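# Understanding the architecture of this molecule
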Amino acid sequence: MDYLIAIHKDPDSDYGVTVPDLPGCFSAGSTIHEALLMAREAIELYLDVLMDEGRDIPLPEEIDAHRDNPDYTDAIWAIVSVDVSRPTAA
């Protein structure tokens, strides 16, 4: 599944990442590459918790659903792909 992420960079800080479709899911990295890797890990952990709790996995929205949100002004947009399937127990 592909999740849209918003990347922000303030002076004298790391790259912060927010996942608009997963409330409370965020991460950071000292480079954009590291921020993307850490975002994937944060999304996977977030979704694992939802699955463990038997909750529904939110479907990703299109960028148009988030682009005008003032929280994402000046964001760099990217997409992170994650595998939402779980292996069956052997």
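Everything here concerns the structure above.
To start, this report covers the structure provided alongside it. (Residues numbered from 1 in each chain as written. Predicted model: local features only at pLDDT ≥ 70, side-chain atom pairs only at ≥ 80, totals over all residues. Heavy atoms only, no water.)

## With respect to the packing of aromatic side chains
Across all of its chains, the model carries 1 aromatic pair by this definition. A ring pair is formed by Y72 and W77, whose centres lie 5.5 Å apart and whose planes are at 65 degrees; its orientation type is edge-to-face. What makes W77 partly exposed here is its relative accessible area of 25%. Sitting over the face of the ring of Y15, K9 holds its NZ or CZ atom 5.5 Å from the ring centroid. (Phe/Tyr/Trp six-rings, centres within 6.5 Å; stacked < 30°, edge-to-face > 60°. Buried < 20%, exposed > 50% of the residue type's maximum accessible area, 1.4 Å probe, protein only. Lys NZ or Arg CZ within 6 Å of the ring centre and 35° of its normal.)

## Observations concerning the sheet that holds strand β2 (residues 15–18)
In a beta sheet, neighbouring strands pair by backbone hydrogen bonds and run either parallel or antiparallel. Here we have 4 strands laid out as an open sheet, ordered β3-β2-β1-β4, and antiparallel in their pairing. Every interior strand has two partners, whereas the edge strands, β3 (26–29) and β4 (76–81), have only one. Pairwise comparison of adjacent strand axes, ignoring direction, gives a mean angle of 30 degrees for this sheet. With 4 bridges connecting them, β2 and β3 associate as antiparallel partners. In the strand pairing of β3, V17 is matched with S27. Across the sheet, helix α1 (residues 32–52) lies against β1 (2–9), β2, β3 and β4, angled at about 155 degrees from β3, the strand it touches most. (Pairing = 2+ DSSP bridges. Helix = DSSP H or I, 4+ residues; strand = E, 2+ residues; numbered from the N terminus. Axes fitted to C-alpha atoms, helices over the stretch in contact; angles between N-to-C directions. Contact = heavy atoms within 4.5 Å.)

## Some points on the environment of V82
Tracing the sequence through the fold places V82 in the segment after β4. Sequence separation between V82 and M1 is 81 residues, and the spatial gap between their C-alpha atoms is 5.3 Å. Excluding its chain neighbours within four sequence positions, the residues that come into contact with V82 are M1, Y3, R40, I43, E44 and L47.

## Thoughts on the environment of A6
Tracing the backbone through its elements, the reader meets A6 in strand β1. C-alpha separation for the pair A6 and C25, spaced 19 residues apart in sequence, amounts to 11 Å.

## Quick look at the side chain of S27
As for its placement among the helices and strands, S27 is situated in strand β3. A distance of 3.4 Å separates a polar atom in the side chain of S27 from the backbone oxygen of M38. Once residues within four sequence positions are removed from consideration, S27 is found in contact with Y15, G16, V17, M38, A39 and A42. (Polar contact = N/O pair within 3.5 Å; in protein donor to acceptor, adjacent residues only side chain to side chain.)

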